[in-house]
Amino acid sequence: MKNNKKIIIGSGLSGPLLAILLSNRGYDVDLYEKRSDQRVKTNNSDRSINLALSHRGIQALKSANIFDQVDPLLIPMKGRMVHLINGEVEFQPYSVNSCDYINSISRRSLNNILIDNAEQSHNVKIYFNHSLSQIDKLRNQLIFSNEKKILMSNHIFGADGTGSIIRKYIDSNTNTPSRSDPLGHNYKELNIAASKNGDFQLEPNALHIWPREGFMLIALPNMDKSFTCTLFLNKKGKVSFEALKDSNLVVDFFNKYFSDVLPLLDNFPQNFFANPNGKLGTIYSDNWQYNNQFCLIGDAAHAIVPFFGQGMNASFEDCEILMKVIDENQGNWNKVFQKYNQIRKPDGDAIAQMAIENYLEMRDLVIKKNFLQEKEISNILWENFPNRFIPRYNMVSFTSIPYSEIYKRGKIQKEILEKINIHNPDYKLAEKLINKKLAPIK
Ligand code: FAD
């Protein structure tokens, strides 16, 4: 199968899934990863960092026949547990359907399963400690920082994340290079350990949010009964990471805004200073493929801010959609890359925009009466028009409706809610508008 060899750069979340799916179709795959093999544990000091896995990601894992291995590691989160500043707590279910929930999973465990399965699939060879540094077009070579040089194959996939070298190479060869749009906020991860009795210290089946309008703290549960907390905060300004210069200021800040979490935080405030500040932003790229030879998947194509919990889910869905296009266009790789770019790019733009909008929803709107009222009326309309009106969060998290279609429908739904007056809804008008403006969902 020499002619069929595919090269993938990046063995994070999407690279190994793509490798498995290509291998299942008979292709030989060489997968290059800059880090060492994370399955070989050198110490136990790694914090548990988790992610929310939902419908799209699950579907893609099922298509690779590995969801059964992932399933036991999932902790269902059935809604948002909103912690108000006065100490009151309010549970907001994600859905009226009890089967609709998102799931917390350890990034490392999921990555290990993906790498294990890629490795076991025989057609895949993984090369760790190989950081792609350069693409030499003249000599047709990929050059790695360990000085290894390999001949380029016909098809090279960039699954190398936000700082993708493959995307930068594509950028240097087109008139429409990608654009990066940093968010004004950074993030920092903290930890709530299990209690002395070995129990969760917060309700485990929820995504916890402490919305404070301009910023927020969230917490997702881990299998070891700990929680990973993430603080999203302005980089600069009066209330910002920059302003939190010393331990006293950090403790005062948590006392003022997150007093119920403060006693639960592990090794605090030391961890606040020990853990790095992460950057957030969006990458907009028009060219998800170049020259019918290079193709981008996952964050390399569309890094987004994490507020819809969709970055990984969208990356996994990229792999599934790419496979669909491959299956439909057997052998015609030029068509495959172009079709994939054409289908998927509008979806990438749509989820990028919705993820930015969801930051406002999580950090601010979830405590507003209007938002809750709108949610209630949306659910009533959904119950009455299940094929036409589905709340946007639910379409994104619990269906495979293309993100671009969801974005359009979401706008129409918002207009309908505005027109019918959510405080005294005119359901006759709602029916008329829904039937006129929202086609049934296939
Ligand atoms: P990555 O997982 O970043 O993998 C890229 C891989 O490429 C890495 O292994 C890297 O080492 C390797 N690499 C990079 N450069 C090179 C090189 N030059 N040569 C060789 N290898 C290279 N998504 C969700 O769906 N749900 C969530 O709840 C969620 N929460 C998030 C919370 C935070 C704080 C952040 C920052 C993101 C979150 N995401 C979430 C997004 C998710 O992490 C990403 O979308 C996902 O990791 C993308 O997968 P990927 O394979 O494209 O990139």
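Keep in mind that what you see is a predicted model, and the values were worked out from it rather than measured.

Here we come to the overall build of the chain. Each helix and strand counted, the chain has 14 helices and 21 strands in total. At 23 Å, the chain has a C-alpha radius of gyration in line with the 22 Å of a compact globule built from 442 residues. Across its three principal axes, the chain shows a C-alpha extent of roughly 65 × 60 × 40 Å. Across the 442 residues in the chain, those meeting the buried criterion constitute 54%. Sequence separation of at least 24 residues holds for 70% of the intrachain contacts in the chain that already meet a minimum separation of 6. Accessible surface, the chain as shown: approximately 20300 Å² in total, 47% of it carbon and sulfur. If you average the places of the 54 positive and of the 47 negative side-chain charges in the chain, the two averages end up 5 Å apart.

So, about empty space enclosed by the protein. Under the definition given, this model contains 1 cavity of 30 Å³ or more. Its volume calculated, the largest cavity comes out at about 50 Å³. Lining the largest cavity are Thr 282, Ile 283, Tyr 284, Ser 285, Trp 288, Ala 301, His 302, Lys 345, Gly 348, Asp 349 and Ala 352. Elements with a minimum of two residues in the lining of the largest cavity: β19 (281-284), α8 (299-302) and α10 (333-363). Broken down by element, the residue count for the lining of the largest cavity peaks at 4 residues, all from α10. Grouping the amino acids of the lining of the largest cavity by side-chain chemistry returns 5 nonpolar, 4 polar and 2 charged.

The next thing to look at is helix α5 (residues 165-172). Every buried residue of α5 is accounted for by Ile 166, Arg 167, Tyr 169, Ile 170 and Asp 171. Put simply, Ser 164 is the residue that caps the front of α5, since its side-chain oxygen is 3.2 Å from the backbone nitrogen of Ile 166.

The next subject is the pairing of strand β12 (residues 155-158). Side chains of β12 alternate between two faces, with His 155 and Phe 157 and Ile 156 and Gly 158 buried alike. Both strand β1 (residues 6-9) and β12 contribute to a ladder of 4 bridges, which runs parallel. What sits directly across from Lys 6, in β12, is His 155. Across 3 bridges, β12 lies against strand β21 (residues 294-296) in parallel orientation. Pairing of Ile 156 across the sheet is with Phe 294, part of β21.

Right, let's get into the packing of aromatic side chains. Taken as a whole, this structure holds 31 aromatic pairs when the rule is applied. Taking the centre distance of 5.8 Å and the plane angle of 75° together, the rings of Phe 253 and Phe 258 count as edge-to-face. Exposure class is identical for Phe 253 and Phe 258. Each is buried. Ring geometry for Tyr 393 versus Phe 398: centroids 6.1 Å apart, planes at 70°, classification edge-to-face. A relative accessible area of 13% places Tyr 393 in the buried class. Put simply, the rings of Phe 215, Phe 241, Phe 253, Phe 254, Tyr 257, Phe 258, Phe 268, Phe 272 and Phe 273 pair up and form one aromatic cluster. The ring of Trp 333 has Lys 6 lying over it, and the distance from NZ or CZ to the ring centre is 4.2 Å. Positioned above the aromatic ring of Tyr 393, the side-chain terminus of Arg 80 is 5.4 Å from the ring centre.

Turning to the site of the ligand, a few remarks are in order. As a matter of local geometry, the ligand sits amid 30 residues, with Ser 14, Glu 33, Ala 52, Arg 107 and Asp 299 nearest to it. Side-chain polar atom of Arg 35 to an oxygen atom of the ligand: 3.0 Å apart, as the coordinates give it. Gly 311 places a main-chain nitrogen or oxygen 3.3 Å from an oxygen atom of the ligand. Against a free-state accessible area of 1000 Å², the protein chains account for coverage of 86% of the ligand. Secondary structure elements with two or more residues in the shell around the ligand: β3 (50-53) and α9 (311-328). Of all the elements, α9 adds the most residues to the shell around the ligand, at 4 residues. Residue composition of the shell around the ligand, grouped by class: 11 nonpolar, 13 polar and 6 charged.

Attention shifts here to the sheet that holds strand β2 (residues 29-32). Across the sheet, which stays open at both edges, the 6 strands sit in the order β8-β2-β1-β12-β21-β20 with mixed pairing between neighbours. Strands with a single pairing partner mark the edges of an open sheet, and in this sheet they are β8 (124-127) and β20 (289-290). The pairing of β1 with β2 spans 4 bridges and is parallel. Bridged to Ile 7 within β2 is Asp 30. Each of β1, β2, β8 and β12 is contacted by helix α1 (residues 14-24), which is oriented at about 175° to β2, the strand it contacts most.

Positionally, Ser 378 belongs in helix α11 (residues 369-384). Ignoring anything within four residues of it in the chain, the contact list for Ser 378 reads Phe 389, Pro 391 and Leu 417.

Scoring rules and cut-offs
- Residues numbered from 1 in each chain as written.
- Predicted model: local features only at pLDDT ≥ 70, side-chain atom pairs only at ≥ 80, totals over all residues.
- Heavy atoms only, no water.
- Helix = DSSP H or I, 4+ residues; strand = E, 2+ residues; numbered from the N terminus.
- Rg over C-alpha atoms; globule rule 2.2 N^0.38 Å.
- Buried < 20%, exposed > 50% of the residue type's maximum accessible area, 1.4 Å probe, protein only.
- Contact = heavy atoms within 4.5 Å.
- Areas by Shrake-Rupley, 256 points an atom, 1.4 Å probe, with all protein chains shown as cover.
- Lys, Arg positive; Asp, Glu negative; His and termini not counted.
- Charge placed at Lys NZ, Arg CZ, Asp CG, Glu CD.
- 1 Å grid on protein atoms, 1.4 Å probe; cavity = no way out; pocket = protein on both sides within 12 Å on 5 of 7 lines; lining within 4 Å.
- Points joined across faces, edges and corners; volume = space filled by probe spheres on them.
- Nonpolar A, V, L, I, M, F, W, Y, C, P; charged D, E, K, R; others polar.
- Polar contact = N/O pair within 3.5 Å; in protein donor to acceptor, adjacent residues only side chain to side chain.
- Pairing = 2+ DSSP bridges.
- Phe/Tyr/Trp six-rings, centres within 6.5 Å; stacked < 30°, edge-to-face > 60°.
- Lys NZ or Arg CZ within 6 Å of the ring centre and 35° of its normal.
- Near = heavy atom within 4 Å.
- Axes fitted to C-alpha atoms, helices over the stretch in contact; angles between N-to-C directions.

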